[in-house]
Amino acid sequence: MGGKLGTLFARAGHEVVFSYAHRTEKLKRLARAAQGKARAGTPREAAQDADALLLAVHWSRVDDVLSQAGDLSGKVIVTCSLPMNADDSALLIGHDSSGAEALAKKVPKTRVVSAFGTVPSEVLFAVYEGRRKPSLVYCGDEARSKQVAVELIRDVGFDPVDAGPLRIARYTEPFTLLIAQLAYEGTEGPELAYRFERFRS
Ligand SMILES: NC(=O)c1ccc[n+]([C@@H]2O[C@H](COP(=O)([O-])OP(=O)(O)OC[C@H]3O[C@@H](n4cnc5c(N)ncnc54)[C@H](OP(=O)(O)O)[C@@H]3O)[C@@H](O)[C@H]2O)c1
């Protein structure tokens, strides 16, 4: 998710720092291939002057990447990370909380928006190519940080759908398991997104 979204953010004109991988060479390769203002850096370097941070690591790595990033006070964190267990078979948090809310508690001085987690990474480039405009739900507690997320969502080619406050991630995160079922267990491949249609008389 981070590699693909970072690439698309760079192509859309943002300055991007790719960080957090086992080998720096992977991050440098992503930055070279992104064809924009992109570079590789440590999580701390990525966070330093960033207007927004994309959190796109496995749930088991969240504490590690946050500690490497250092002080994130005042930062906007856009998270697509789902609170999955080690073998990705179940959500560790649900019903009365969500991964996004648990993240906001871990870093209370940041502004967390949940976005991008409801689509498979495999569809992102096709959406960017713009043949169709699927919906993308996002949620968060603060208007200005949600606006940052809206800009990024539009830049990738989705139609942003404001689902409300961060606690709505309790619904969007399990919804993603449905999307994953359709994407990875179905017969038609993972290049899948969704669109909400409204019918007003
Ligand atoms: N994939 C999807 O379609 C999708 C969709 C919706 C939500 N999500 C959520 O998005 C998050 C990211 O998923 P993903 O599929 O993008 O994961 P991923 O491909 O495994 O990417 C995670 C990143 O973390 C790095 N990493 C992992 N362990 C590390 C360690 N010990 N030290 C340093 N770097 C480490 C990986 O580096 P290496 O490449 O070197 O291992 C990689 O750069 C997850 O929470 C997932 O639930 C994923």
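Anything mentioned here points back to the structure above.
What comes next concerns the included structure. (Residues numbered from 1 in each chain as written. Predicted model: local features only at pLDDT ≥ 70, side-chain atom pairs only at ≥ 80, totals over all residues. Heavy atoms only, no water.)

This part is about the overall build of the protein chain. In terms of regular secondary structure, the protein chain is built from eight helices and seven strands. The C-alpha atoms of the protein chain give 16 Å as radius of gyration, which agrees with the globular expectation for 201 residues (17 Å, within 12%). With the C-alpha coordinates of the protein chain rotated into their principal frame, the extents come out at 50 × 35 × 35 Å. Counting all 201 residues of the protein chain, 43% fall into the buried class. For the protein chain, the share of sequence-separated contacts (at least 6 apart) that also reach a separation of at least 24 residues comes to 69%. Looking at the protein chain as shown, the accessible area adds up to about 11200 Å², and 49% of this sits on carbon and sulfur atoms. (Helix = DSSP H or I, 4+ residues; strand = E, 2+ residues; numbered from the N terminus. Rg over C-alpha atoms; globule rule 2.2 N^0.38 Å. Buried < 20%, exposed > 50% of the residue type's maximum accessible area, 1.4 Å probe, protein only. Contact = heavy atoms within 4.5 Å. Areas by Shrake-Rupley, 256 points an atom, 1.4 Å probe, with all protein chains shown as cover.)

This next bit is on the pattern of salt bridges. Overall, the coordinates contain ten salt bridges when judged by the stated rule. Within the structure, one salt-bridge network assembled from shared partners comprises Arg-111, Glu-142 and Arg-144. (Salt bridge = Lys/Arg side-chain N within 4 Å of Asp/Glu carboxyl O.)

Time to look at unusual backbone geometry. A negative phi angle is the norm for most residues apart from glycine, just as the trans form is the norm for most peptide bonds. Even without glycine at this site, Tyr-20 takes up a positive phi of about 75°. Within the secondary structure layout, Tyr-20 lies in the loop between β1 (16-18) and α2 (24-33).

With that settled, the discussion passes to the nonpolar core. Formed by 30 residues in total, the largest nonpolar core has its most connected members in Phe-116, Val-156 and Phe-158. Secondary-structure elements contributing two or more residues to this core are α1 (2-11), β1, α2, β4 (76-79), α6 (124-129), β6 (135-140) and α7 (143-156). With five residues, the top contributor of residues to this core is α7. With 21 residues, the next largest nonpolar core counts Ala-50, Leu-53, Val-57 and Trp-59 among its residues. (Core = buried A, V, L, I, M, F, W, Y, C linked by side-chain atoms within 4.5 Å.)

With burial as the criterion, only one face of strand β3 (residues 52-55) is covered, namely that bearing Leu-53 and Leu-55; the residues Ala-52 and Leu-54 on the opposite face remain uncovered. Pairing of β3 with β4 involves four bridges; the strand directions are parallel. Its bridge partner lying in β4, Leu-55 is registered against Thr-79. Note that the unit made of β3, helix α4 (residues 62-69) and β4 has a crossover that is right-handed. (Pairing = 2+ DSSP bridges. Right-handed = clockwise from strand over helix to strand, strands pointing away.)

Among the secondary structure elements, Lys-28 is positioned in helix α2. On the basis of relative accessibility, which here comes to 42%, the residue Lys-28 falls in the partly exposed class. Through-space distance from the C-alpha of Lys-28 to that of Thr-187 is 35 Å; in sequence the pair is 159 residues apart.

Moving on to the site of the ligand. Near the ligand you find 17 residues, and of these Met-1, His-22, Lys-26, Val-57 and Ser-121 are the closest. A distance of 2.7 Å separates an oxygen atom of the ligand from a polar atom in the backbone of Met-1. Backbone polar atom of Ala-21 to a nitrogen atom of the ligand: 3.5 Å apart, as the coordinates give it. For the ligand, whose accessible area on its own is 880 Å², the fraction buried by protein is 69%. Within the shell around the ligand, the residues separate by chemical class into ten nonpolar, five polar and two charged. (Near = heavy atom within 4 Å. Polar contact = N/O pair within 3.5 Å; in protein donor to acceptor, adjacent residues only side chain to side chain. Nonpolar A, V, L, I, M, F, W, Y, C, P; charged D, E, K, R; others polar.)

Looking at the element boundaries, Thr-79 is found in strand β4. The contact partners of Thr-79, leaving out residues within four places of it in the chain, are Leu-55, Ala-100, Leu-103, Val-112, Val-113, Ser-114 and Ala-115.

So, on to a negative patch on the surface. A surface patch of like charges, here negative, comprises Glu-15, Asp-49, Asp-51 and Glu-151. Position of Glu-15 relative to the elements: it lies in the loop between α1 and β1. (Patch = residues over 30% accessible without salt bridge, like charges linked within 9 Å, V, L, I, M, F, W, Y side chains within 5 Å. Lys, Arg positive; Asp, Glu negative; His and termini not counted. Charge placed at Lys NZ, Arg CZ, Asp CG, Glu CD.)

Assignment of secondary structure puts Thr-118 in the loop between β5 (111-114) and α6. Of the polar contacts made by the side chain of Thr-118, one reaches the side chain of Tyr-194; its length is 2.6 Å. Excluding residues within four positions of it along the chain, Thr-118 makes contact with Leu-136, Val-137, Thr-172, Phe-175, Thr-176, Ile-179 and Tyr-194.

Let us look at the pairing of β5. Bridge analysis of β4 against β5 gives four bridges, and the strand direction is parallel. Residue pairing in the sheet places Ile-77 in a bridge with Val-112 of β5.

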